[in-house]
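The primary structure of each chain is shown beneath.
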Number of protein chains: 2
Amino acid sequence: MQLETIKTPSLILDINRMKRNAEQMTARAKNLNVALRPHVKTHRCLEIAKLQTQGNTGGIMVSTLSEAHFFANNGFSDITYGVPIERGKFDEAIALSKTIDRFAVLSDDAETVELLNKTANRENAKLDVFVKIDVGYHRCGIEPDTAEAFEIPNKISDSSNLNFAGILTHAGHSYLADSPEKLLKVAQQERDLMRNLAEELRGKGLNVPTVSIGSTPTMSAINNLDGITEFRCGNYIFYDAFQATLGSCSFSDCALTVLAAVVHRDSERRKVVVDAGAIALSKDRGAVALDANCGYGRVYDLAGNDLNLRVESLSQEHGEIHVSDAQVFDNLKVGSRVRILANHSCLTALQHSHYHVLDDGKIVERWEINRGW
Amino acid sequence: MQLETIKTPSLILDINRMKRNAEQMTARAKNLNVALRPHVKTHRCLEIAKLQTQGNTGGIMVSTLSEAHFFANNGFSDITYGVPIERGKFDEAIALSKTIDRFAVLSDDAETVELLNKTANRENAKLDVFVKIDVGYHRCGIEPDTAEAFEIPNKISDSSNLNFAGILTHAGHSYLADSPEKLLKVAQQERDLMRNLAEELRGKGLNVPTVSIGSTPTMSAINNLDGITEFRCGNYIFYDAFQATLGSCSFSDCALTVLAAVVHRDSERRKVVVDAGAIALSKDRGAVALDANCGYGRVYDLAGNDLNLRVESLSQEHGEIHVSDAQVFDNLKVGSRVRILANHSCLTALQHSHYHVLDDGKIVERWEINRGW
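Keep in mind that what you see is a predicted model, and the values were worked out from it rather than measured.

Definitions and limits used
Residues take numbers from 1 onward in each chain, read along the sequence in its written order. Working convention: letters from A go to chains and numbers from 1 go to ligands, in the order in which they are written. Local features in a predicted model are, by the rule used here, given only for residues with pLDDT of at least 70; side-chain atom pairs are given and counted only at 80 or more, and totals for whole chains, interfaces and linings are based on all residues. Here the side-chain values reflect all heavy atoms present in the structure, with hydrogen atoms and water set aside. The way it works is that DSSP assigns letters per residue, a run of H or I at least four long becomes a helix, a run of E at least two long becomes a strand, and they are numbered from the N terminus. The cut-offs for exposure are 20% and 50% of the maximum accessible area for each residue type, with area from a 1.4 Å probe on protein chains only; residues under the lower value are buried, those over the upper are exposed, and the others partly exposed. The fit set for superposing copies consists of C-alpha atoms from residues with pLDDT of at least 70 in both; the fit itself is least squares. Any pair of residues with heavy atoms lying within 4.5 Å of one another is described as a contacting pair. What is meant by a nonpolar core is a set of buried Ala, Val, Leu, Ile, Met, Phe, Trp, Tyr and Cys residues, joined one to another through side-chain atoms within 4.5 Å. Accessible area, probed at 1.4 Å, shrinks when two parts are joined; the buried area is that loss added up over both. Any carboxyl oxygen of Asp or Glu within 4 Å of a side-chain nitrogen of Lys or Arg constitutes a salt bridge here. All domain edges in this entry derive from an automatic or database-based domain assignment. Side-chain atoms alone can form a polar contact between residues adjacent in sequence; in general such a contact is a pair of N or O atoms within 3.5 Å, and within protein one must be able to donate a hydrogen while the other accepts it. A pair of aromatic rings is counted whenever rings of Phe, Tyr or Trp (Trp by its six-membered ring) have centres within 6.5 Å, and the orientation is called stacked for planes under 30 degrees apart, edge-to-face for over 60 and tilted otherwise. Any two strands with at least two DSSP-identified bridges between them are counted as paired. Angular values range over 0 to 180 degrees, each being the angle between N-to-C directions of two axes fitted as lines to C-alpha atoms, with helices fitted over their stretch in contact. Angular relationships are summarised with four words: roughly parallel below 35 degrees, roughly antiparallel beyond 145, roughly perpendicular across 65 to 115, and oblique for the angles in between. For any pair of crossing helices, the crossing counts as left-handed if the nearer helix is rotated counterclockwise from the farther one by less than a right angle, and right-handed if it is rotated clockwise. Under the convention adopted here, Pro, Cys and the residues Ala, Val, Leu, Ile, Met, Phe, Trp and Tyr are nonpolar, Asp, Glu, Lys and Arg are charged, and Gly plus all remaining residues are polar.

A. Structural detail: unusual backbone geometry. For the bond from Thr8 of chain A to Pro9 of chain A, the omega torsion is -10 degrees, close enough to zero to count as cis. Mapped onto the secondary structure, Pro9 of chain A falls in the segment before strand S1 (10-14). Even without a glycine there, the phi angle at Arg270 of chain B is positive, about 50 degrees. Following the sequence through the fold, Arg270 of chain B ends up in the loop between strand S10 (256-266) and strand S11 (271-274). Residue Arg270 of chain B is classed as partly exposed on the basis of its relative accessible area of 32%. A positive phi angle is found at Asp360 of chain B, which is not glycine, with a value near 55 degrees. Its place among the elements puts Asp360 of chain B in the loop between strand S17 (354-359) and strand S18 (362-368). A relative accessible area of 73% means that Asp360 of chain B is categorised as exposed.

Following this line, the structure appears as structure tokens:
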């Protein structure tokens, strides 16, 4: 199968770029002396998870229990579930924990810890629980300088059916850093706050097996991770327009594009419309703060040459692209094909059911995506 | 099954509201003396398409060939494919056209019409082709006052293996109307331009069987459709926060919500995080021009009472909600459940694999969603 003939829109995965991204992050984790736990929510694909765990411990991070089941059923035996657990998911999480070597959940809520322990006790299960720490993103987690940052680890540690697995954070505010200096500062803050908290907890007699941090931008910025045991990141496997704009990678590292066909052209407005809309690309607006004109994705030709165009607006199945260059416009007749590098590859990938794997200009495999919750 | 216990996030469809929306639009089309062709891209669900075509001609509109196959395989025999056709989809469209009574495609491109005719000739097929007209949205279509608006219908009509099905438009700029007066003006313009063009084409000897217009907002605004034969709209079956803000419906007409659980609460920032992120809600920003604070959805309790909260930010599986009211915040403990009315129900629905059908507070059925291309 070839890019010229497969159905549009389709998700195209450049396998060589992806392998290079995986190898480079694995090497980076080794150099920094941390275990790499890839966040598979970016792709939710068995073949990719196998590839990116090669040379690492085999542990993965997931964002849904559906992913946890899927990867557990396919040989992954060390899984952390990355959204704070709540009571509606206790039974499923406990059942899952009995099927693999290690299933860890997160909490930052005292009442939830108590209820989880009661349920685990009733089910005769023992569950690993991380305490989620907020190092400045302010999405979830406990701030490290509060009383709770000691109380909740203690509560877990004292619970009959829970193991305190350690502390874990995600410096999501790294995506807001608009300079390399600011990004490095976020990465250092993430490391320092977590290292210090772990030391304080140990000083109070608690065992803190894992100190886990991570985001693709901070992993690209930091050069010393002393005191950290585990690094989690996900987007790096594909990267995307947002990461390249942010400086985590170059545009030539981005491995995932959406193949689309021109379905309309408007000579008066110098505009074409492609058959990749919000359902094919996702409506993530990307790095608007860094690039006000980023639109919903960058447009390449089939060989991967940058056409210097953006998808400016999206409806369900239509994407609009203005084309000022006369020669480029002339080439973009109805039926022509382009490849769109989306702003946010994680959300784009999960709009689709499968990847078309591209190797040396040809589609060589089809890899399925696990979707849903 | 009940809202208190089913897995989150889940798509919840209020069947009574949906039935009322379907009945009201059917009655409206009858009063206006036009055939109603529902756009099933909003839901991509067999049960819903059956329900909304009751009392109408049975014809539907789709946005992908995957939908066309799905509905053709399930008894729908009159289908229009609503994205302009391009050569990569000719073979599939022609094969499809042979399986049902009537499969119509759109074009606004002379070269595409020629190529389609050649392919249809080679395949010994005859295909219905609409000409897409631009009445002011400027996404796709030919403007009615240009030479092409006559040339392309003629070209189709003269083609050995194509039938000229008529003219068709979508006044998508109705979504930008920020007052009832402006909305009515868009609706009248849509009607008048299409009626006049049809008359001109007929005056030149062309048969124009169908004059097809439509969008949910214009259908809610217009009271006279003389000269129009068919009306297409899709969103009305569910409505959403965008449509209610625009005035196409009231908030109590909105039939689709996402059930979510609180996974984190932050007393200092008076914030909760729910387990419905971009993958559950879609990142459509909705009626920002009309309501700068619309966020990514409105928050209701399980009984459907408005909590006067918005989902302010979304990551893949997390949605953040600020809660200023002390009593509401106190009720939203980790594990509590809410229902989120998304900005754009079409995009939200297609993030999920199925609907949970809610009748009188209980989940009574599960209906599957056809996804992909």
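B. Spatial organisation of the relation of the copies chain B and chain A. Superposing chain B onto chain A requires a rotation of 180 degrees together with a translation of 0.0 Å along the rotation axis, leaving an RMSD of 0.0 Å. Such a combination of turn and shift is consistent with a two-fold rotation axis. Rotation axis and chain B: the residue whose C-alpha lies nearest the axis is Lys283 of chain B, separated from it by 2.6 Å. Of all interface residues in chain B, 100% are interface residues in chain A too; the two copies therefore contact each other through one and the same surface.

C. Focus on the nonpolar core. In this structure, Ile167 and Tyr355 of chain A together with Ile167 and Tyr355 of chain B are the most contacted members of the largest nonpolar core, which totals 237 residues. Aside from chain neighbours lying at most four places away, what touches Ile167 of chain A is Phe130, Val131, Ile133, Met194, Leu197, Ala198, Leu201, Val208, Thr210, Val211 and Ser212 of chain A.

D. Structural context of the interface of chain B and chain A. Opposite the 60 residues of chain B that make contact, chain A presents 60 residues. For the pair chain B and chain A, the summed buried surface comes to about 5,000 Å²; carbon and sulfur atoms form 51% of the total. Together, Arg139, Gln316 and Trp373 of chain B form the three largest contributors to the area buried by chain B at its contact with chain A, with a combined 17%. At the junction of chain B and chain A, the tally comes to ten salt bridges.

E. Up close: the domain arrangement of chain A. Residues and elements named next belong to chain A. Examined at the domain level, chain A breaks down into domain 1 (32-238) and domain 2 (249-368). Contact residues are listed per partner, giving twelve residues for domain 1 and 13 residues for domain 2. Across the domain 1/domain 2 interface, buried area totals approximately 990 Å², and carbon plus sulfur atoms make up 65% of it. Our count for the domain 1 to domain 2 interface comes out at zero salt bridges. Summed over the shared surface of domain 1 and domain 2, the number is three residue pairs in polar contact (both at pLDDT 80 or more).

F. Structural view of the packing of aromatic side chains. Residues and elements named next belong to chain A. Going through the model one piece at a time under the given rule, you end up with eight aromatic pairs over all chains. On the numbers, 5.6 Å between centres and 90 degrees between planes, the contact of Tyr175 with Phe242 is edge-to-face. Remark: Phe242 occurs in helix H9 (residues 241-246) and Tyr175 occurs in the loop between strand S7 (162-168) and helix H7 (180-203); sequence separation between them is 67 residues. Accessibility expressed as a relative area gives 14% for Phe242, which makes it buried.

G. Structural context of the side chain of Asp78 of chain B. Residues and elements named next belong to chain B. Secondary-structure assignment places Asp78 in strand S4 (residues 78-81). Asp78 gets classed as buried once you look at its relative accessible area, which sits at 19%. In this structure the side chain of Asp78 is engaged in a polar contact, spanning 3.1 Å, whose partner is the side chain of Arg37. A distance of 2.9 Å separates the side chain of Asp78 from the side chain of Arg102, its partner in a polar contact.

H. Inspection of the pairing of S17 of chain B at higher detail. All names here are of chain B. The element S17 is largely enclosed, with a buried count of five among its six residues. By the bridge criterion, three bridges tie strand S1 (residues 10-14) to S17 in an arrangement that is parallel. Considered in S17, the bridge of Ile12 is made with His356. Sheet topology places S17 next to S18; six bridges connect them, and they run antiparallel. Opposite Val357, over in S18, you have Glu365 as the bridge partner. In textbook terms, the turn of a hairpin is the stretch between consecutive antiparallel strands, and for S17 and S18 this stretch comprises two residues, one of which, Asp360, has a positive phi near 55 degrees.

I. Representation of the packing of helix H3 (residues 65-72) of chain B against helix H4 (residues 90-97) of chain B within the structure. All names here are of chain B. Remark: H3 packs on H4, axes separated minimally by 11 Å, with the N-to-C direction vectors making an angle of 15 degrees. As judged from the angle between their axes, H3 and H4 are roughly parallel. Crossing of H3 against H4: the hand is left-handed. Contact with H3, carried on its side by Leu65, Ala68, His69 and Ala72, involves Glu92, Ala93 and Leu96 of H4 and no other residues of that element.

J. Inspection of the packing of helix H4 (residues 90-97) of chain A against helix H5 (residues 110-122) of chain A at higher detail. Residues and elements named next belong to chain A. As a packed pair, H4 and H5 sit with axes 10 Å apart at the nearest point and diverge in direction by 55 degrees. What the angle tells us is that H4 and H5 run oblique. The handedness of the crossing between H4 and H5 is right-handed. Of the residues in H5, those in contact with Phe90, Asp91 and Ile94 of H4 are Thr112, Leu115, Leu116, Thr119, Ala120 and Arg122. Class assignment of the residues belonging to the contact of H4 with H5 gives a composition of five nonpolar, two polar and two charged.

K. Inspection of the sheet that holds strand S3 (residues 60-62) of chain A at higher detail. Residues and elements named next belong to chain A. A sheet is described by the order of its strands in space; here eight strands give the open sequence S2-S9-S8-S7-S6-S5-S4-S3, paired in parallel fashion. Because the sheet does not close on itself, it has two edges, and the strands there are strand S2 (35-38) and S3. The average angle at which neighbouring strand axes cross in this sheet is 30 degrees, direction not considered. Across four bridges, the pairing between S2 and strand S9 (residues 230-233) is parallel. The residue of S9 that forms the bridge with Leu36 is Phe231. In this fold H4 packs onto strand S5 (102-107) and strand S6 (127-132), with an angle of close to 150 degrees to the strand it touches most, S5.

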